[in-house]
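Each chain, written out:
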Amino acid sequence: MIKTQGGTPGTDTGTPDVITIYPDGRFIGLEIKRPDGKGVVSPEQNAVGKQIQRNQGLWYVIDSWEKFEEVWRDVTTLI
Ligand SMILES: [Mg+2]
């Protein structure tokens, strides 16, 4: 698993905050947002997310523990 800081030298803007690979090889990108609803997915983050999904990867926006649990259920049952 890799924790990134988008926009810093060497990491493009829009890169997911957390990048990991499921044991079957599937790429997973997680965009983490604050839980108070004030976090906004930027156009760059959205564009990178769509690119990941077009390439058979998984991309999710996580803004709460409940959302994380929901995504984890998805990931472990859909794959
Ligand atoms: Mg973020």
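Since the model is a prediction, treat every value here as computed from it, not as a measurement. Counting of residues starts from 1 at the beginning of each chain's written sequence and follows it residue by residue. Given that this is a predicted model, residues contribute local features only at a pLDDT of at least 70 and side-chain atom pairs are listed and counted only at 80 or more, while totals for whole chains, interfaces and linings are drawn from all residues. Side-chain measures here rest on the full set of heavy atoms in the structure, leaving out hydrogens and waters.

Q: Looking at this model, I keep getting lost on the coordination of the magnesium ion. Mind explaining?
A: Under perfect tetrahedral coordination by four donors, a metal shows angles of 109.5 degrees; under perfect octahedral coordination by six donors, it shows angles of 90 or 180 degrees. Each metal's donors comprise the N, O and S atoms found within 2.8 Å of it (within 3.2 Å for Na, K or Ca). Water is not part of the atom list, so some coordination spheres may appear incomplete. Donor atoms from the polypeptide that coordinate the magnesium ion comprise D17 (OD), E31 (OE) and I32 (O), at 2.2 to 2.3 Å from the metal. Mapping the donors of the magnesium ion onto the primary sequence yields the spacing D-x13-E-I. With D17 in the loop between strand 1 (2-3) and strand 2 (18-21) and E31 in strand 3 (residues 27-32), this residue pair connects regions lying 14 residues apart in the sequence. We call a residue buried when its accessible area falls under 20% of the maximum for its residue type, exposed when it is over 50%, and partly exposed in between, using a 1.4 Å probe and counting protein chains only. Note on D17: relative accessible area 15%, which makes it buried. Relative accessible area serves as the criterion here: at 1%, E31 is assigned to the buried category. By the criteria applied, helices consist of DSSP H or I runs no shorter than four residues and strands consist of E runs no shorter than two, each listed in order from the N terminus.

Q: I tried to follow the sheet that holds strand 2 on my own but got confused; where do I start?
A: Strand-to-strand pairing in sheets goes through backbone hydrogen bonds, with the strands running parallel or antiparallel. Judged by pairing direction, the sheet is mixed, and its 4 strands sit side by side in the order 1-2-3-4 without closing on themselves. In this open sheet, the two strands that pair with only one neighbour each are strand 1 and strand 4 (58-62). Paired strands, as defined in this entry, are two strands with at least two bridges between them according to DSSP. Summarising the sheet, strand 1 and strand 2 pair through 2 bridges and their orientation is antiparallel. Bridge assignment links I2 to a residue of strand 2, and that residue is I19. Packing against the sheet, helix 1 (residues 43-54) makes contact with strand 3 and strand 4, and its axis sits at approximately 145° to strand 4. By the convention used here, residues are in contact when the closest approach between their heavy atoms is within 4.5 Å. Only the contacting stretch of a helix is used when fitting its axis, a line to C-alpha atoms as for every element, and angles between N-to-C directions run 0 to 180 degrees.

Q: Teacher, can you tell me more about the nonpolar core here?
A: Considering soluble globular proteins, one finds that nonpolar side chains tend to be buried as a cluster. For the purposes of this section, nonpolar cores are sets of buried Ala, Val, Leu, Ile, Met, Phe, Trp, Tyr and Cys residues that join through side-chain atoms within 4.5 Å. The biggest cluster of nonpolar side chains holds 9 residues, and these are V18, Y22, I28, L30, L58, Y60, I62, V71 and V75. Looking at this core, the elements with two or more residues in it are strand 3, strand 4 and helix 2 (65-78). Per-element accounting of this core gives the leading share, 3 residues, to strand 4.

Q: Looking at this structure, how should I read the packing of aromatic side chains?
A: Pairs of aromatic rings are described using the distance from one ring centre to the other and the angle between the two planes. The criterion for an aromatic pair is that two Phe, Tyr or Trp rings (for Trp, the six-membered ring) have centres within 6.5 Å, with stacked assigned to planes under 30 degrees apart, edge-to-face to planes over 60 apart and tilted to the rest. Per the counting criterion, the structure on display carries 2 aromatic pairs. Aromatic side chains F68 and W72 sit 6.3 Å apart centroid to centroid with 15° between the ring planes, which places their arrangement in the stacked category. Here W72 and F68 lie together in helix 2, a separation of 4 residues that amounts to about one turn. With a relative accessible area of 29%, F68 lands in the partly exposed category. W72 gets classed as partly exposed once you look at its relative accessible area, which sits at 46%. Chaining the aromatic ring pairs together yields one cluster made of W65, F68 and W72.

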